[in-house]
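# Tertiary structure, described
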Amino acid sequence: NNLHFAYTPLPTLRRISPRHIFSKGSETLSVYGDNLKNAASDSWCRFFPMLSEMKERHLVQAVQVYDDGRIDCIIPPYPRDEYQEIFVEVSSNMVDWSAKKLVLKKTPQPVITSITPDSGSVKGGLP
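Residues numbered from 1 in each chain as written. Predicted model: local features only at pLDDT ≥ 70, side-chain atom pairs only at ≥ 80, totals over all residues. Heavy atoms only, no water.

Once that is clear, we can look at the sheet that holds strand 2 (residues 20-21). What the five strands build is an open sheet, ordered 2-9-8-4-5; its pairing is mixed. Where the open sheet ends on each side, the last strands, each with one partner, are strand 2 and strand 5 (58-61). Here strand 2 pairs with strand 9 (residues 102-106) via two bridges, running parallel. Bridging from a neighbouring strand, histidine 20 pairs with lysine 105 of strand 9. (Pairing = 2+ DSSP bridges. Helix = DSSP H or I, 4+ residues; strand = E, 2+ residues; numbered from the N terminus.)

The next thing to look at is the confidence of the model for the protein chain. Summarising the model, the protein chain shows a mean pLDDT of 81, and 86% of its residues fall at 70 or more. Across the protein chain, strand 1 (residues 12-17) holds the top mean pLDDT of 94, while strand 5 sits lowest at 77. (pLDDT = per-residue confidence, 0-100.)

Laid out in structure tokens, this is it:
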């Protein structure tokens, strides 16, 4: 029996897209960086609100790995409809996580209750 051990560099995160969301989750988040893909295992995203306990951390397996520089994960649901800053981390082994955390900002869905003026010219402009 031969045992194999692979040394892999930690993921380095550069940016996420989108950086702001209105929904309560289930949107795709693209994470860009280096060393995001490990041939020996799957890639994972970890999401947690900035002011949370460990129990609120959500692990999500990457749904798409494009190359070593981009992975996509589904944003988990966050039931509170309030402003939250959510940390995002990436791992290729679920043990060693990216040193840098990126911030995803979740804001309540805006509700429009009225518009003023309520009509206008087909040519546009202001009255």
